[in-house]
Amino acid sequence: MFKKISLFAFVILSIPFITEAHVRWFAHETTFVRPYSWSDLPVIASIAIVLIIVLIGVYLEKKLQTPKWFDVFTEKWAPNILSFASMGFGLSFLIFTYNEFVFAPPLHTHDVLLLGIQGIAGAMILFGIYERIAGLLILILFSLSVKEFGFMDVMDTFEMLGFAMYAMIIGRSKWKIVDTDAFLKLRHKLHPYGLPLLRVGTGLNLMILGFSEKILDPSLTANFLSKYHWNFMEMLGFHSYSNYWFAYSAGVSEALFGLFFLLGLVTRTTTLALAVFLITTLYLLGPIELIGHLPHFSIAIVLIILGSGSRLKI
């Protein structure tokens, strides 16, 4: 019973994560809003709540067991499903290239080199042509993007680094045209880290977004909420729950999800919750949110099927 209550509490307390939408894709700073302060009571309370939820997550990670039917299912279908997810990543990069941005809509460019690398890597991943080399191309593209756009603008795409490492180490088991045997011994040695690096990259992505777009930049989120009336707490009658604190709650929730991925806590449950909120934002914000979040659905498929992995976790 306690496990069910704990799981329910985790889901309920993370509801504000519904505003996970990338705020920078839809809004810009217009008016100054007072930054949050360590002395603010809601900030102090949120720190305590986060600590409690993390402890619940640690408990659930130790107690929850994967159902036997799911183990049977993944043993049979995992290679096909994971290969499909990999193809989704390749398709995402091709769509990004067609829309002339690198990794995310704000990183818009006409640079032929950047778009060319992304397009070539996307085609290689989609069709299973030396996917591990394509992963290396993504690493190179990330480095070039930092030079082009600056680290601060690129750092919220760390999930791309995670996927690049995953592709280089794990590769694809089905529906591939040609692969490489280069560095076979090294890949075998690093194999246990392929999945955790994807999870950690995703966790960093969510934590950075939670802080950079919401907690540390309330002006940006205030502008977003003035255009998109997502503060359902006020609609439910909690009129003192202003946009200012609703945005903070969303940032804390997003960072908390990222922390769960970083620590490897109840990864499948966390990913399922993430998928629900991503689908919600797609419905509310339309095509640009769908295009930008395509890689996240591929990541979600991988993490739901494989879980957290055995490395880089508490």
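Fair warning: this is a prediction, and the values are worked out from it, not measured in the lab.

A. The arrangement of the overall build of the protein in detail. Within the protein, the regular secondary structure consists of 13 helices and 0 strands. What you see in the protein, going N to C, is helices and strands ordered as α-α-α-α-α-α-α-α-α-α-α-α-α. Across the 314 residues of the protein, 50% fall into the buried class. For the protein, restricting intrachain contacts to residue pairs at least 6 apart in sequence, the fraction spanning at least 24 positions comes to 79%. Carbon and sulfur atoms form 72% of the exposed surface of the protein, whose accessible area is close to 15,300 Å².

B. Structural view of the packing of helix α3 (residues 68-98) against helix α4 (residues 112-127). Put simply, α3 and α4 touch, their axes get as near as 7 Å, and they point 155 degrees apart. Relative to α4, α3 is oriented roughly antiparallel. Here α3 and α4 pass one another in a crossing that is left-handed. Packed against α3, whose contacting residues are Ser 86, Met 87, Phe 89, Gly 90, Leu 91, Phe 93, Leu 94, Phe 96 and Thr 97, the element α4 presents Leu 115, Gln 118, Gly 119, Gly 122, Ala 123, Ile 125 and Leu 126 at the interface. Class assignment for the residues of the contact of α3 with α4 results in 10 nonpolar, 6 polar and no charged.

C. Main features of the pattern of salt bridges. Scanning the model with the defined rule gives 6 salt bridges in all. With its nearest N and O atoms 3.4 Å apart, the salt bridge here joins Arg 34 to Asp 40. Classification of Arg 34 as partly exposed rests on a relative accessible area of 42%. Look at Asp 40 and you get buried, because its relative accessible area is 13%. A salt bridge links Lys 313 to Glu 61, with the nearest nitrogen and oxygen atoms 3.0 Å apart. One end of the pair, Lys 313, is in the segment after α13 (287-306); the other, Glu 61, is in helix α2 (residues 41-63), and 252 residues separate them in sequence. Relative accessible area serves as the criterion here: at 25%, Glu 61 is assigned to the partly exposed category. Here the salt bridges do not stand alone but share partners, grouping Arg 132, Lys 176 and Asp 179 into one network.

D. The environment of Lys 189, seen in detail. With respect to the helices, strands and loops of the structure, Lys 189 is situated in helix α8 (residues 184-215). With 20 residues separating them in the primary sequence, Lys 189 and Ile 169 have C-alpha atoms 9.3 Å apart.

E. Main features of the nonpolar core. Counting 43 residues, the largest nonpolar core has Phe 89, Phe 93, Val 102, Phe 103, Phe 163 and Val 302 as its most contacted members. The set of elements that each furnish at least two residues to this core consists of α3, α4, α5 (131-149), α7 (158-169), α8, α11 (243-263), α12 (267-285) and α13. When sequence neighbours within four positions are dropped, the list of residues in contact with Phe 163 reads Phe 89, Phe 93, Ile 125, Glu 131 and Leu 198. Of all hydrophobic cores here, the second largest spans 19 residues; its members include Tyr 36, Leu 60, Tyr 244 and Phe 260.

F. Representation of the packing of aromatic side chains within the structure. In the structure shown here, the tally under the stated rule is 17 aromatic pairs. Seen from their ring centres, Tyr 36 and Trp 245 are 5.2 Å apart, and the 45 degrees between their planes marks the pair as tilted. In this pair, Tyr 36 sits in the loop between α1 (2-13) and α2 while Trp 245 sits in helix α11, placing the two residues 209 residues apart along the sequence. When sorted by exposure, Tyr 36 lands in the same class as Trp 245, which is buried. Measuring from ring centre to ring centre gives 6.2 Å for Phe 151 and Phe 158, while their planes differ by 65 degrees; the resulting arrangement is edge-to-face. Of the aromatic side chains, those joined through ring pairs into one cluster are Phe 89, Phe 93, Phe 96, Phe 101, Phe 103, Phe 142, Phe 151, Phe 158, Phe 163 and Tyr 166. The cationic tip of Arg 311 hangs over the ring face of Tyr 193; the distance from NZ or CZ to the ring centre is 5.7 Å.

G. Expanded view of the side chain of Ser 92. The topology assignment puts Ser 92 in helix α3. Excluding anything up to four places from it in sequence, Ser 92 contacts Leu 294 and Pro 295.

H. Local environment of a nonpolar patch on the surface. Judged by side-chain polarity, Phe 183, Leu 186, Leu 190, Tyr 193 and Leu 312 come together as a nonpolar surface patch covering roughly 480 Å² of accessible area. Considering the arrangement of structural elements, one finds Tyr 193 in helix α8.

Cut-offs applied
Residues numbered from 1 in each chain as written. Predicted model: local features only at pLDDT ≥ 70, side-chain atom pairs only at ≥ 80, totals over all residues. Heavy atoms only, no water. Helix = DSSP H or I, 4+ residues; strand = E, 2+ residues; numbered from the N terminus. Buried < 20%, exposed > 50% of the residue type's maximum accessible area, 1.4 Å probe, protein only. Contact = heavy atoms within 4.5 Å. Areas by Shrake-Rupley, 256 points an atom, 1.4 Å probe, with all protein chains shown as cover. Axes fitted to C-alpha atoms, helices over the stretch in contact; angles between N-to-C directions. Parallel < 35°, antiparallel > 145°, perpendicular 65-115°, else oblique. Left-handed = near helix turned anticlockwise from the far one by under 90°. Nonpolar A, V, L, I, M, F, W, Y, C, P; charged D, E, K, R; others polar. Salt bridge = Lys/Arg side-chain N within 4 Å of Asp/Glu carboxyl O. Core = buried A, V, L, I, M, F, W, Y, C linked by side-chain atoms within 4.5 Å. Phe/Tyr/Trp six-rings, centres within 6.5 Å; stacked < 30°, edge-to-face > 60°. Lys NZ or Arg CZ within 6 Å of the ring centre and 35° of its normal. Patch = residues over 30% accessible without salt bridge, like charges linked within 9 Å, V, L, I, M, F, W, Y side chains within 5 Å.

Purely geometric numbers; function is a separate question.
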